[in-house]
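Coordinate inspection notes
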Amino acid sequence: MATTNTNRVLDYLLIGGGLAAATAAEGIRKRDPQGSILIVTNESQLPYHRPPLSKEYLRSEIGPEGIYGNGGVYVQLPDWYREQRVEVLREIETTSLDTTQKTVRLGDSRTLGFRSMLLATGGRPRRLNVPGTNLSGVHMLRTLADSTAIREQLFEGKRVVVVGSGFIGLETAASAVSKGAQVTIVEPMARAWPNLVSPQLADYFQGQFTRRGATLRYGYSANAFVAGADGRLAAVRITPVSGGQAEEIPCDLAIVGIGIQLNTELAASAGLEVDTRHGIVVDERLETRVASIFAAGDVAAFPDPIGGRMHFEHWDNAIASGEVAAANMAGGDEPYRHVPYFFSTTIVRGDMSKNTFTAFYVQNDILRAALMVNDDAQMDFISELIAASTPTPKDTKRLADPAFDLASLVIPRR
Ligand SMILES: Cc1cc2nc3c(=O)[nH]c(=O)nc-3n(C[C@H](O)[C@H](O)[C@H](O)COP(=O)(O)OP(=O)(O)OC[C@H]3O[C@@H](n4cnc5c(N)ncnc54)[C@H](O)[C@@H]3O)c2cc1C
């Protein structure tokens, strides 16, 4: 990797070494073969994909080395960065940004100038502020190092408490169950994903866990991590949210998955507009109010034609927004219009008992979203239907019939 001189001026400076920044670097290089590109990341690794960290990497089915989809987790191999002349400064925090001078200050006191910049600073796990949260044995899951530390302890008979039943919590719990661990999920809500799925779907997902031996403690909150005689985690204390007796669940390992906090401090302290809920405010080209400073990935709060200002903490959004930011940083003029999907009123089409179905979300007779379980053959087409705000049939139950042709929903153009 080439060394970076003090006070260099980069054509493209990308802050944050996650998927959004890495995708942007690829996109910029395709459009501008000569411009200097530098990624600054506070992580020790080259950019990698996070989805396997709660799935195949956590289950030790793949190692870290190699590209994701080819046995590893990385976005690109080290050779790619050399060949494409994309520099990566690792383990360096970007501590401040001067939007007038177009410079950033790094944690090692260097200053870098830029012509165009991307803020792709993503998020960090939200901490559970209860006694014992720093005990050895209490984990959070965001980085490759986090996943490595957890996977080394995931084996048969280990007693694991997962705090939080969002996507990360449930995926981690599923991986732990598949490794033979005794898993308990603690969640203050009454059921899984109350804002996302119907009770019918929640029952389905919860049933997948209980059938495999996991214990679900919905309606309970974790109030403390309790140390054993050796000073390590020995139990998680939980209390019913409705009030009542606290109890302790003995465990060897606890994993807290209660969402992320967006890394907006750098942008906010530079005077860029930050939406407290959705992150760094950008226009439909993903540019902030300061020309040539863009944001992408989890941290970008963009105007969505359907939902208003929003951000998405999803893998496909990191890629798609990274691509659009790259195009615009390199002189293009592309709006960001993207229908997100997740891997992982609802109308279920397919057979839940066979674990293959799609749940459609309909609002005011318009198809707004879909959740697919082992049923993604029509994902691109359904994305188009959602992007076009496609009206659903008057009798929405027809959507549930697998024989109903979704193509018939398309409104013919005149
Ligand atoms: C375990 C796990 C599993 C997931 N599974 C799925 C899934 O199945 N499907 C799905 O759609 N999504 C999934 N996601 C979410 C998805 O991975 C994220 O949406 C995506 O990684 C976001 O990419 P990003 O580049 O925007 O941000 P990040 O990946 O968060 O990258 C931002 C980077 O910037 C660095 N950084 C921040 N501030 C600074 C600074 N000041 N200076 C230098 N560096 C800085 C951070 O350390 C980080 O490395 C998962 C996430 C996790 C953690």
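Residues numbered from 1 in each chain as written. Predicted model: local features only at pLDDT ≥ 70, side-chain atom pairs only at ≥ 80, totals over all residues.

**Considering unusual backbone geometry**
A positive phi angle, close to 80°, is found at Ser109, a residue other than glycine. The topology assignment puts Ser109 in the loop between strand E5 (103-106) and strand E6 (111-119). Given 8 C-beta atoms within 10 Å, Ser109 falls into the exposed group. Notably, Leu286 is not glycine yet its phi reads approximately 70°, a positive angle. Looking at the element boundaries, Leu286 is found in the loop between strand E18 (279-281) and strand E19 (293-295). (Helix = DSSP H or I, 4+ residues; strand = E, 2+ residues; numbered from the N terminus. Buried ≥ 20, exposed ≤ 12 C-beta atoms within 10 Å, placed from the backbone.)

**A few points about the site of the ligand**
In the neighbourhood of the ligand, 34 residues make up the surrounding shell, with Gly16, Gly18, Arg50, Gly122 and Gly297 lying closest. Those elements giving two or more residues to the shell around the ligand turn out to be helix H1 (19-31) and helix H7 (315-329). Residue composition of the shell around the ligand, grouped by class: 14 nonpolar, 13 polar and seven charged. Counting contributing residues, the shell around the ligand receives three or more from each of domain 1 (9-124 + 261-329) and domain 2 (138-258). (Near = placed C-beta within 6 Å. Nonpolar A, V, L, I, M, F, W, Y, C, P; charged D, E, K, R; others polar. Domains from an automatic or database assignment.)

**Considerations on the nonpolar core**
Counting residues in hydrophobic clusters, the biggest one holds 96 residues, and the most contacted among them are Leu14, Ala24, Leu118, Leu119, Ala254 and Ile280. When residues of this core are assigned to their parent elements, the largest contribution, nine residues, is made by H7. Structurally, this core is a two-domain feature, drawing no fewer than three residues from each of domain 1 (9-124 + 261-329) and domain 2 (138-258). Excluding anything up to four places from it in sequence, Ala24 contacts Leu14, Leu118, Ala120, Ala296, Gly322, Ala325 and Ala326. (Core = buried A, V, L, I, M, F, W, Y, C linked by C-beta atoms within 7 Å. Contact = placed C-beta atoms within 7 Å.)

**Focus on the domain arrangement of the chain**
A common way to report how large an interface is uses the accessible area buried once the components associate. Segmenting the chain into domains produces domain 1 (9-124 + 261-329), domain 2 (138-258) and domain 3 (345-409). Inter-centroid distance (C-alpha atoms) of domain 2 to domain 3 is 31 Å. Taken together, the five residues of domain 2 in the interface contact five residues of domain 3.

**Topic: the packing of H1 against H7**
One can describe the packing of H1 onto H7 by two numbers: an axis separation of 7 Å at closest approach and a directional angle of 35°. As for the relative orientation of H1 and H7, their crossing is right-handed in sense. Note on element contacts: H7 touches H1 through Trp315, Ala318, Ile319, Ser321, Gly322, Glu323, Ala325, Ala326, Ala327 and Met329, opposite Leu19, Ala20, Ala21, Thr23, Ala24, Gly27, Ile28 and Arg31. Tallied by class, the residues present in the contact of H1 with H7 amount to 12 nonpolar, four polar and two charged. (Axes fitted to C-alpha atoms, helices over the stretch in contact; angles between N-to-C directions. Left-handed = near helix turned anticlockwise from the far one by under 90°.)

**Overview of the sheet that holds strand E20 (residues 300-304)**
Pairing is mixed across the open sheet formed by four strands, whose spatial order is E17-E18-E20-E21. Each edge of the sheet is formed by a strand with only one pairing partner; in this case those strands are strand E17 (274-275) and strand E21 (308-310). (Pairing = 2+ DSSP bridges.)

**Digging into the environment of Thr239**
Inspection of the secondary structure assignment puts Thr239 in strand E13 (residues 233-240). C-alpha separation for the pair Thr239 and Pro188, spaced 51 residues apart in sequence, amounts to 9.1 Å.

**Here we look at the sheet that holds strand E12 (residues 220-227)**
With antiparallel pairing, the three strands of this open sheet are ordered in space as E12-E13-E14. Every other strand in the sheet has two partners, leaving E12 and strand E14 (247-250) as the edge strands with one partner each. Put simply, the sheet's adjacent strands are angled 30° from each other on average, direction ignored. As judged from the four bridges shared by E13 and E14, these two strands associate in the antiparallel manner. In the sheet register, Ile238 faces E14, and the bridge partner there is Glu247.

**With respect to helix H4 (residues 167-178)**
Helical geometry note: an α-helix holds 3.6 residues per turn, so side chains three or four residues apart project in the same direction. Taking 1.5 Å per residue as the helical rise, H4 with its 12 residues ought to reach 16 Å, and the 16 Å between its terminal C-alpha atoms agrees with that figure. Of all 12 residues in H4, 10 are buried; the element is thus mostly enclosed. Those residues of H4 lying buried are Ile168, Gly169, Leu170, Glu171, Thr172, Ala173, Ala174, Ser175, Ala176 and Val177. On the buried face of H4, the contacting elements are strand E9 (159-163), strand E10 (182-187), helix H5 (199-211) and strand E15 (253-256). Once H4 finishes, Gly180 follows within two positions and takes phi at roughly 90°, a positive value. (Expected span 1.5 Å × (residues − 1).)

**Structural notes on the pairing of strand E24 (residues 366-373)**
Where strand E23 (residues 356-363) meets E24, seven bridges bridge the pair, whose relative direction is antiparallel. Residue pairing for E24: Ala359 is matched across the bridge by Leu371. Here E23 folds back onto E24 in antiparallel fashion, the turn holding two residues, of which Asn364 has a positive phi close to 50°.

**Quick word on the pairing of E20**
Taken together, the two bridges between E18 and E20 define a ladder with parallel strand orientation. Its bridge partner being in E20, Val281 is matched across the sheet by Ala301. In the sheet, E20 pairs with E21 via three bridges, with the strands oriented antiparallel. Considered in E21, the bridge of Phe302 is made with Met310. Here E20 folds back onto E21 in antiparallel fashion, the turn holding three residues.

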